[in-house]
Amino acid sequence: MEKKNIDWANLGFGYHETDKRYVSYYKDGAWDEGALVTDASITINECAGVLQYAQTCFEGLKAYTTEDGRIVTFRPDLNGERMEDSCRRLEMPVFPKERFLDAVTKTVAANEAYVPPYGSGATLYIRPYLFGSSAVIGVKPAQEYQFRVFTTPVGPYFKGGVKPLTIKVSDLDRAAPNGTGHIKAGLNYAMSLHAIVTAHEEGFDENMYLDAGTRTYVEETGGANFLFVTKDNKVVTPKSDSILPSITRRSLMVVAKDYLGLEVEERPVAFEEVKDFAECGLCGTAAVISPVGKVVDHGKEIVFPSGMSEMGSVTKKLYDTLTGIQMGRIEAPEGWIHVIK
Ligand SMILES: *Cc1c(COP(=O)(O)O)cnc(C)c1O
């Protein structure tokens, strides 16, 4: 398979159209068999549920070329399960996780020429999504839906080296108690855009959201979960029903415990405690884990001992081990690596 002539190492994180995408239509109470198509555009009614009432959810994962030349994805079964949960919460028909896996596999295989080579640092980002496509004007679920998967090659996340992030404690809330924070819905992102644009204007990289009920506990950022490391090397992640269950974070907790022999804890983390941690990182598919150097709470600065120039030592070990597993350099736990070809 001849790869596309792309400058992999200098790709950013942007949309780059690839050859094939997958689509399955839901109509009259059932999903059709699905197919790969070439047209990157979608034509839907002006009154479609997704356009009027944001009835849509998505997933995000990556395909990698391993050291021995296989093309793999990382724990895609968990993305399939999470999309099932998102569909139920948004009153959309569930696209079964087995079919999700099949659709992801077919879409990546059909775009093999865009899967970046091993060692380039780039990956093929995979975006499954599902939305209400038929007209709804009274507030109710749509009757018809589309499940789709497209791919786009993306560059190395830490281009030009690792730079620890500076984040601000946001005055806005990301997710309400008993709301939709735990599902991967576009609506959670639409309402976070104002906060992130404002944070960037003020010179911050990200927002730290606190729990909306009491504003005393740490939740997450707009699109990544927190991991903290205590001064005695325990790995701690906040627990809350309104945090999106990151697959990367769940995997890093296993890596910390089983590969690095560290103690791990998932529990409520009071904002008051943050100043006592040794390291802080943000985890998600895009970066795996990016180090946080500083948290600013209305002018009050917390600078982690790991500092503003490098990853903390535990963060680095977590990063190296999980990326080693994904790239096939370190043996993966059973079922974590899904081979496409
Ligand atoms: C997708 C997402 C994450 C990261 O989840 P991964 O499965 O690790 O990619 C974290 N927080 C939010 C709000 C997200 O939407």
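Residues numbered from 1 in each chain as written. Predicted model: local features only at pLDDT ≥ 70, side-chain atom pairs only at ≥ 80, totals over all residues. Heavy atoms only, no water.

Student: Any chance you could break down the overall build of the chain for me, citing the residues and the numbers?
Tutor: The number of helices and strands found in the chain is 7 helices and 17 strands. Taking 341 residues into account, the globule formula puts the C-alpha radius of gyration at 20 Å, and the chain, at 20 Å, falls close to it. In the chain, the proportion of contacts linking residues at least 24 apart, taken out of those at least 6 apart, comes to 71%. A distance of 1 Å separates the average location of the 37 positive side-chain charges in the chain from that of its 46 negative side-chain charges. (Helix = DSSP H or I, 4+ residues; strand = E, 2+ residues; numbered from the N terminus. Rg over C-alpha atoms; globule rule 2.2 N^0.38 Å. Contact = heavy atoms within 4.5 Å. Lys, Arg positive; Asp, Glu negative; His and termini not counted. Charge placed at Lys NZ, Arg CZ, Asp CG, Glu CD.)

Student: Could you give an account of the pattern of salt bridges, with specific residues and numbers?
Tutor: Scanning the model with the defined rule gives 20 salt bridges in all. Put simply, Lys294 and Glu301 hold a salt bridge, and the shortest N to O gap is 3.5 Å. The exposure class assigned to Lys294 is buried, which follows from its relative accessible area of 18%. A single network of salt bridges, built from pairs that share partners, joins Lys234, Glu263, Glu265, Arg267 and Glu273. (Salt bridge = Lys/Arg side-chain N within 4 Å of Asp/Glu carboxyl O. Buried < 20%, exposed > 50% of the residue type's maximum accessible area, 1.4 Å probe, protein only.)

Student: Can you lay out the site of the ligand for me, pointing to particular residues and giving the numbers?
Tutor: Near the ligand, the surroundings consist of 15 residues, among which Lys184, Tyr189, Ser246, Thr248 and Thr285 are the closest. At a separation of 2.9 Å, an oxygen atom of the ligand approaches a polar side-chain atom of Arg82. Thr248 is positioned such that a nitrogen or oxygen atom in its side chain is 2.6 Å from an oxygen atom of the ligand. Protein chains shield 96% of the accessible area of the ligand, which is 390 Å² for the free molecule. (Near = heavy atom within 4 Å. Polar contact = N/O pair within 3.5 Å; in protein donor to acceptor, adjacent residues only side chain to side chain. Areas by Shrake-Rupley, 256 points an atom, 1.4 Å probe, with all protein chains shown as cover.)

Student: Describe a nonpolar patch on the surface, and please don't skip the residues or the numbers.
Tutor: Together, Tyr53, Ile137 and Val139 give the surface a local cluster of nonpolar side chains, amounting to about 350 Å² of exposed area. Take Tyr53: it is sitting in helix 1 (residues 49-53). (Patch = residues over 30% accessible without salt bridge, like charges linked within 9 Å, V, L, I, M, F, W, Y side chains within 5 Å.)

Student: Residues and numbers for the pairing of strand 11 (residues 225-229), please.
Tutor: Of all the 5 residues making up strand 11, 5 are buried; the element is thus mostly covered by neighbouring parts of the structure. Where burial is concerned, the two faces of strand 11 agree: the one with Asn225, Leu227 and Val229 and the one with Phe226 and Phe228 are both buried. Between strand 11 and strand 12 (residues 235-238), which pair antiparallel one after the other, the connecting turn spans 5 residues, and Asn233 there sits at a positive phi close to 65°. (Pairing = 2+ DSSP bridges.)

Student: Hey, could you go over the state of the cysteines for me, with residue numbers and the actual values?
Tutor: The full count for this structure, using the stated rule, is 0 disulfides. Of all cysteine sulfurs in the structure, the one in Cys280 sits closest to Cys283, which takes part in no disulfide; the separation is 9.2 Å. (Disulfide = S-S within 2.5 Å.)

Student: Which residues make up the nonpolar core, and what values go with them?
Tutor: Counting 33 residues, the largest nonpolar core has Val108, Leu130 and Phe147 as its most contacted members. Only strand 1 (21-27), strand 5 (61-65), helix 2 (76-89), helix 3 (97-110), strand 7 (123-132) and strand 8 (145-154) provide two or more residues apiece to this core. Among the elements that take part in this core, helix 3 stands out by supplying 4 residues, more than any other. (Core = buried A, V, L, I, M, F, W, Y, C linked by side-chain atoms within 4.5 Å.)

Student: Quick rundown of the environment of Ala199? Include the residues and the values.
Tutor: Tracing the sequence through the fold places Ala199 in helix 5 (residues 193-201). Judged by relative accessible area, which is 0%, Ala199 ranks as buried. Residues Ala199 and Val314 lie 115 residues apart in sequence; the distance between their C-alpha atoms is 28 Å. Among all residues touching Ala199, those that are not within four sequence positions of it are Lys168, Phe204, Glu206 and Asn207.

Student: Describe the pairing of strand 12, with residues and values.
Tutor: Side-chain alternation along strand 12 places Val235 and Thr237 on one buried face and Val236 and Pro238 on a second face that is also buried. Relative to strand 13 (residues 264-267), strand 12 is paired through 4 bridges, and the arrangement is parallel. When the sheet's bridge partners are listed, Val235 is paired in strand 13 with Val264. You can see the chain leave strand 12, run along helix 6 (residues 247-259) and come back into strand 13, and the turn it takes is right-handed. (Right-handed = clockwise from strand over helix to strand, strands pointing away.)

Student: Now, about the packing of aromatic side chains: what can you tell me, with residues and values included?
Tutor: Each aromatic ring pair is specified by the distance between its two centres and by the angle formed by the two planes. Considering all chains together, one arrives at 16 aromatic pairs under this definition. Measuring from ring centre to ring centre gives 6.1 Å for Phe100 and Phe147, while their planes differ by 55°; the resulting arrangement is tilted. Of this pair, Phe100 sits in helix 3 while Phe147 sits in strand 8, and the two are 47 residues apart along the sequence. With centroids separated by 5.7 Å and ring planes inclined at 70°, the aromatic side chains of Phe158 and Tyr319 adopt a geometry described as edge-to-face. (Phe/Tyr/Trp six-rings, centres within 6.5 Å; stacked < 30°, edge-to-face > 60°.)

Student: So what about the packing of helix 2 against helix 3? Which residues, and what values?
Tutor: Helix 3 packs onto helix 2 with a crossing angle of 130° between their chain directions and a minimal axis gap of 8 Å. Taken as axis vectors, helix 2 and helix 3 run oblique relative to one another. The two elements helix 2 and helix 3 cross, and the hand of that crossing is right-handed. Contacts between helix 2 and helix 3 involve Pro76, Asp77, Asn79, Gly80, Glu81, Met83 and Glu84 on the former and, on the latter, Lys97, Phe100 and Leu101. When grouped by side-chain class, the residues that make up the contact of helix 2 with helix 3 number 4 nonpolar, 2 polar and 4 charged. (Axes fitted to C-alpha atoms, helices over the stretch in contact; angles between N-to-C directions. Parallel < 35°, antiparallel > 145°, perpendicular 65-115°, else oblique. Left-handed = near helix turned anticlockwise from the far one by under 90°. Nonpolar A, V, L, I, M, F, W, Y, C, P; charged D, E, K, R; others polar.)

Student: Can you tell me about unusual backbone geometry, naming the residues and giving the values?
Tutor: Its identity is not glycine, yet Ala54 carries a phi of approximately 55°, on the positive side. Residue placement: Ala54 occurs in the loop between helix 1 and strand 4 (56-58). Look at Ala54 and you get partly exposed, because its relative accessible area is 31%. A positive phi angle is found at Val288, which is not glycine, with a value near 70°. Looking at the secondary structure, you find Val288 in strand 15 (residues 288-297).

Taken by themselves, the reported measurements are silent on function.
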